[in-house]
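The primary structure of each chain is shown beneath.
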Amino acid sequence: MKALIEEFEKVLGKDNVFQDEADLATYSYDAAVLDPVLPSLVLRPTSSEALGKVVGMCNEHALPLTVRGAGTNLSGGTIPKSGGVVLLTNALNRILEINEEDLYAVVEPGVVTAKFAAAVEAKGLFYPPDPGSQAVSTLGGNVAENAGGLRGLRYGVTRDYVMGLEFFDANGELVKAGARTVKCVTGYNLGGIMVGSEGTLGVFDKIILKLIPMPPARKAMMAIFNDINKASETVSAIIANRIVPVTLEFMDNFTIRAVEDFSHAGLPVEAAALLLIEVDGHPVQVEEDAEKVESLCRRLGAMSIRVARDATERDKVWEARRAALSALSRIKPTTVLEDATVPRSRVPAMIRSIEGIAREFNLTIGTFGHAGDGNLHPTILTDRRNHQEWERVEKAIESIFDRALSLGGTLSGEHGIGMAKSRFMEKETSRATIVYSRRIKAALDPKNILNPGKIIGD
Amino acid sequence: MADMKQLARLIKELEDQLVVCMRCGMCQAVCPLYAETGREADVARGKLALLEGLVQEMFKDPKGVNERLMRCLLCGSCSANCPSGVKVLDIFIRARAILTGYMGLHPLKKAVFRGMLARPQFFDRLMEWASRLQGIFVKPVDDLLGASCGRLLTPLGERHIKALAAPPFHMRVKPGSTSPRAAGLRVAFFVGCLIDKVFPNVGEAVMRTMEHHGVGVFLPEDFACCGIPALSSGDAAAFDKLVHYNLQRFAAEPFDFLITACATCTSTIKKLWPLMAWKLSLEAQEQVSAIAAKTMDVSQFLVDKVGVRQADTKSGDQKVLLTYHDPCHLKKSLGVASQPRTLLQANSRYRFKEMIEADWCCGMGGSFNLQHYGISASIGKRKRDNIVQSECETVATSCPACMLQMTDMLSQAGDRVQVKHAIEIYAESLP
Ligand SMILES: Cc1cc2nc3c(=O)[nH]c(=O)nc-3n(C[C@H](O)[C@H](O)[C@H](O)COP(=O)(O)OP(=O)(O)OC[C@H]3O[C@@H](n4cnc5c(N)ncnc54)[C@H](O)[C@@H]3O)c2cc1C
Ligand code: SF4
Ligand code: SF4
């Protein structure tokens with residue numbers, strides 16, 4: 001090992017090889033509620049070339065390797081294999097190109113999402129995927145998790161913006177997928193399998209992202225309902241009327257109360273549900289859509305509607321949604337943020353199930369999320385040190401999965417599988433799916449060094 | 001190993017606060033230190049995980065954890081932005097005290113804190129000597145900024161420090177008390193070390209302003225340090241001594257508010273005195289909470305209690321462009337940000353303009369600057385760049401420590417930008 005460490009130091013410089021026990025401990029966790037696992041070494045390449053070399057060296061020595069962006073994933077994707085290597089991408093953080101003529105950008109994997117979005121916006125362009133963690137999350141992590149965000153309904157998720165990728169395979173050889181063109185059918189769609197691969201199939205070195213023009217106008221409103229069904233019918237009606245809002249966010253009564261306690265924004269604490277709706281596009285169309293949405297909300301039984309007239313009011317409307325996680329997470333020490341997702345029309349059924357599960361296991365669960373795309377965030381509030389309660393939490397999580405699947409949904413809309421959900425994979429798919437996936441993994445990574453144990457288990 | 005068990009037991013005191021961190025990583029977005037180094041051990045999440053690791057007995061040696069815990073500006077940017085409401089600073093301060101108590105204080109620091117700060121008169125005399133002698137060691141480089149750069153190789157290296165002011169505030173202004181007039185209010189003035197010894201003019205501006213508004217001032221004799229240098233080094237014993245000393249001094253006379261012109265002193269008295277008071281006598285605890293409740297920043301006092309308002313800006317005089325830097329200990333720790341701006345705009349000679357990232361830490365962090373000058377300077381450079389980009393001729397702030405850092409950074413870069421305290425700007429407008 002000592003000789004190998006010297007080799008790494010030669011490639012990366014001494015400062016970029018961490019081996020002190022205290023440093024190692026700070027790369028043993030991510031945002032998932034799971035036990036930390038210590039790596040034996042943490043490496044921070046500062047160039048593409050060094051990145052490729054290091055990957056190759058790990059393979060040569062059969063060292064398990066976990067790539068880490070900001071470490072904000074919620075499924076244990078960056079918790080290393082015991083004794084393995086953690087590879088940091090945060091020194092690979094350059095925006096290499098923003099092309100205003102052809103509407104694409106080329107970035108290194110460690111670029112922070114919000115910084116990229118701001119740089120793009122400064123040129124009047126738009127990169128829509130906006131995960132709640134965007135102030136710190138990296139684009140590499142977004143691609144590897146296929147991250148979503150609040151704008152998924154109208155603008156899709158990270159996958160919809162990846163035009164091409166350059167990545168290192170397990171041997172440290174550079175593989176190129178996709179192109180800078182809108183159309184590209186050169187070879188297999190390798191980018192397709194890399195998006196959402198959670199660091200198990202290759203290490204991204206460069207990402208080509210699609211950009212779109214910034215919509216010139218937008219308008220937000222908040223509608224309050226005394227019945228979840230009415231809120232849900234409203235969601236369906238909006239879409240049936242051929243309006244696709246940028247965002248259609250939902251908060252349940254528990255979350256509304258928590259937010260009101262926390263920020264005193266004047267929310268009606270007796271309301272059963274709250275929808276936050278924003279439309280965007282050309283000013284005339286935005287006005288028209290906003291009016292239509294407003295009248296739909298009224299017709300379908302909204303108790304009250306608050307339309308934001310200017311930027312400050314818009315901010316106020318959004319403040320409630322932004323405060324949701326903070327408000328909930330302060331109630332108890334441990335916050336378990338789930339993201340089971342169901343077809344849009346099944347949202348009320350799912351919410352009722354979650355309420356039932358909370359009662360059955362005697363737990364506190366607040367639910368908010370993206371009603372427009374059926375992606376809910378049941379948030380379990382607990383204290384992990386209370387072992388009895390923690391057992392019930394684990395059972396409740398399993399019940400939530402079961403329920404989502406029986407409603408035709410999926411285990412995870414955007415947070416990924418990682419280690420947290422890998423054992424449930426077969427429930428949603430099939431034995432053959434797992435075997436097929438493992439064969440792909442074994443063929444591409446015969447020594448199983450790339451983030452072993454994630455998604456498809458060991 | 002047995003030792004690490006004992007340490008684990010001590011740190012476990014903090015467990016209820018530690019578990020609140022959900023490891024979301026959002027503190028990475030605001031930590032000035034992490035922005036420079038990108039090392040997880042430098043951001044709150046990493047440090048909290050290390051403390052948790054001590055509880056879990058994960059380490060063979062506490063040294064590595066201690067070093068990383070001490071590498072922090074205690075700026076509170078993480079706390080202020082934490083979605084989960086983790087009381088990061090409380091945890092770090094208490095953990096520093098536990099670890100230092102456990103591992104022992106560095107002998108040099110021990111000499112400084114126990115010997116000088118905890119014995120104020122002695123400290124004063126020492127600093128007077130230093131101030132008289134410094135002519136030999138430092139020469140003025142920039143009259144505008146009043147910074148000096150080391151002529152000889154002193155331990156201060158590259159710094160362009162402000163020369164110690166000779167004579168200090170406590171020799172310029174007599175202790176004692178004046179009675180309230182127009183305002184019907186009486187304040188106790190907590191001067192603080194840096195204003196006393198480096199920026200006595202700021203102290204004088206406070207006195208002049210209070211006089212102008214008819215506010216009575218009680219200025220005790222032999223005031224001491226607020227204790228933050230000792231506490232941030234984990235020296236709880238010296239800190240307690242200083243708190244006691246101050247309590248005695250300020251118990252001498254009644255007052256409505258205790259004001260300071262130092263953001264760090266204000267937040268230390270308001271937040272850290274009560275945090276660490278649990279081991280004091282009941283009587284002292286009551287005194288501490290009474291004083292903490294009455295303590296406020298001078299601009300907050302003037303705007304909220306005296307009613308100072310922005311000036312009408314009709315006069316077409318040539319105006320000096322002025323910007324403001326939010327001290328972390330004022331904005332993030334106490335939520336005071338609008339009052340100093342009001343105070344600045346009460347002087348119609350200036351035109352106020354926000355710089356970008358006005359509330360990004362200046363990088364001073366008290367003793368952090370002494371121990372990690374390189375990083376402190378690179379954080380400071382970001383502040384300097386933002387000041388210069390604002391094209392203002394003057395930058396004001398509310399903390400003498402930030403003033404020192406900004407002076408150093410601007411002076412090293414050769415910028416002709418004046419650094420002033422908000423109260424100085426306001427006092428200039430008084431007849
Ligand atoms: C408060 C909070 C809010 C969140 N909100 C959302 C949300 O709205 N929508 C959403 O989808 N997610 C959300 N998340 C989850 C998380 O932020 C996303 O999954 C994000 O994409 C992770 O980015 P990261 O840089 O932190 O990646 P990491 O957590 O560091 O890594 C995630 C995975 O990507 C892999 N990886 C990282 N870089 C590379 C690379 N260069 N090559 C190959 N593999 C790589 C890692 O190995 C790991 O498996 C949230 C998380 C938090 C804490
Ligand atoms: S300190 Fe706060 S912001 Fe930082 S990781 Fe913990 S919970 Fe998140
Ligand atoms: S106090 Fe400041 S320097 Fe220390 S961890 Fe928090 S944000 Fe970073």
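Described in the following lines is the structure provided in the data block. All figures in this text were calculated on a predicted structure; none of them were measured in a lab.

**Side note on the site of ligand 1**
The environment of ligand 1 is formed by 35 residues, the closest being Val 67, Gly 69, Thr 72, Ser 133 and Thr 138 of chain A. More than one chain reaches ligand 1: the nearby residues come from chains A and B. Here Gly 141 of chain A contributes a backbone N or O atom positioned 3.3 Å from an oxygen atom of ligand 1. The protein chains hide 97% of the 980 Å² of surface that ligand 1 would expose on its own. Put simply, the parts of the chain that give the shell around ligand 1 at least two residues each are β3 (65-68), α5 (139-145) and β10 (203-210) of chain A. The dominant element in the shell around ligand 1, judged by the number of residues it contributes, is α5 of chain A, at five residues.

**Quick notes on helix α4 (residues 44-55) of chain B**
All names here are of chain B. Taking 1.5 Å as the rise per residue, α4 with twelve residues should run 16 Å; its terminal C-alpha atoms sit 17 Å apart, in good agreement. Along α4, the residues classified as buried are Ala 44, Arg 45, Gly 46, Lys 47, Leu 48, Ala 49, Leu 50, Leu 51, Glu 52, Gly 53, Leu 54 and Val 55. Glu 57 sits one or two residues past α4 and shows a positive phi near 55°.

**Here we look at the sheet that holds strand β5 (residues 95-99) of chain A**
All names here are of chain A. Read from one edge to the other, the open sheet built from five strands follows the order β5-β6-β10-β8-β9, with strand pairing classed as antiparallel. For this open sheet the edge positions go to β5 and β9 (174-178), each flanked by a neighbour on one side alone. For this sheet the average axis-to-axis angle between neighbouring strands, irrespective of direction, equals 10°. One ladder, built from four bridges, connects β5 with strand β6 (residues 104-107); its direction is antiparallel.

**Description of the interface of chain B and chain A**
Facing 32 residues of chain B, the contacting portion of chain A comprises 31 residues. Contact between chain B and chain A buries roughly 2400 Å² in total, counting both sides, with carbon and sulfur atoms accounting for 52%. When residues of chain B are sorted by the area they lose upon contact with chain A, Met 22, Arg 39 and Met 58 of chain B head the list and together hold 21% of the total. Applying the counting criterion to the chain B and chain A interface returns six salt bridges. Arg 385 of chain A is the salt-bridge partner of Asp 16 of chain B, the closest N and O atoms lying 3.0 Å from each other. Between the two partners, chain B and chain A, sit 18 residue pairs in polar contact (both at pLDDT 80 or more). Elements with a contribution of two residues or more to the side of chain B that touches chain A: α2 (15-18), α3 (32-37), α4 and α5 (63-70) of chain B. Per element, the largest residue contribution to the side of chain B that touches chain A is four residues, and it comes from α4 of chain B.

Conventions we followed
Residues numbered from 1 in each chain as written. Chains lettered and ligands numbered in written order. Predicted model: local features only at pLDDT ≥ 70, side-chain atom pairs only at ≥ 80, totals over all residues. Heavy atoms only, no water. Near = heavy atom within 4 Å. Polar contact = N/O pair within 3.5 Å; in protein donor to acceptor, adjacent residues only side chain to side chain. Areas by Shrake-Rupley, 256 points an atom, 1.4 Å probe, with all protein chains shown as cover. Helix = DSSP H or I, 4+ residues; strand = E, 2+ residues; numbered from the N terminus. Expected span 1.5 Å × (residues − 1). Buried < 20%, exposed > 50% of the residue type's maximum accessible area, 1.4 Å probe, protein only. Pairing = 2+ DSSP bridges. Axes fitted to C-alpha atoms, helices over the stretch in contact; angles between N-to-C directions. Contact = heavy atoms within 4.5 Å. Buried area = accessible area lost by both parts, 1.4 Å probe. Salt bridge = Lys/Arg side-chain N within 4 Å of Asp/Glu carboxyl O.

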